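Residues per chain, in single letters:
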Amino acid sequence: MKIREIKNEKLMVYTVTFTPNWLEKLFGVKEKTEEVFLQTWSTFTFGGGAVYRRKDGSELGCNSWIGEELDKFRRKW
């Protein structure tokens, strides 16, 4: 899956829309608005990135590509 769009819904709450790559399209995978992520200020990864949580409370790992894309979105101006 690739990230097509990131929306900032509220303060520190992000909605991510994923689109399938060509191989997944071959198997019939559809585009989906996956999850809502909450940015936490309590925990930081090495290098200054924030840690994000899903709705169910699970955290994205330190090397998560979704977390890196959310950090890029947050930092752009």
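Higher on the page you've got the structure.
No experiment lies behind these values; they were computed from the predicted model shown.

A. Up close: the nonpolar core. Grouped together as the largest cluster of nonpolar side chains are ten residues: Ile6, Tyr14, Val16, Phe18, Phe37, Ala50, Tyr52, Leu60, Ile66 and Leu70. Of all elements in the fold, only strand E2 (13-19), strand E4 (50-53) and helix H2 (65-75) reach the threshold of two or more residues within this core. No other element matches E2, which puts three residues into this core.

B. Spotlight on the pattern of salt bridges. Across all of its chains, the model carries five salt bridges by this definition. Taking the shortest distance from any N to any O, the salt bridge between Arg4 and Glu31 comes out at 3.0 Å. Of this pair, Arg4 sits in strand E1 (residues 2-10) while Glu31 sits in the loop between helix H1 (22-26) and strand E3 (32-44), and the two are 27 residues apart along the sequence. Residue class for Arg4 comes out partly exposed when judged on its relative accessible area of 47%. Accessibility expressed as a relative area gives 43% for Glu31, which makes it partly exposed. A salt bridge links Asp71 to Arg74, with the shortest nitrogen-to-oxygen separation between them at 3.0 Å. Taken together, the residues Asp71 and Arg74, both in helix H2 and three residues apart, mark about one turn of the helix.

About the criteria used
- Residues numbered from 1 in each chain as written.
- Predicted model: local features only at pLDDT ≥ 70, side-chain atom pairs only at ≥ 80, totals over all residues.
- Heavy atoms only, no water.
- Core = buried A, V, L, I, M, F, W, Y, C linked by side-chain atoms within 4.5 Å.
- Buried < 20%, exposed > 50% of the residue type's maximum accessible area, 1.4 Å probe, protein only.
- Helix = DSSP H or I, 4+ residues; strand = E, 2+ residues; numbered from the N terminus.
- Salt bridge = Lys/Arg side-chain N within 4 Å of Asp/Glu carboxyl O.

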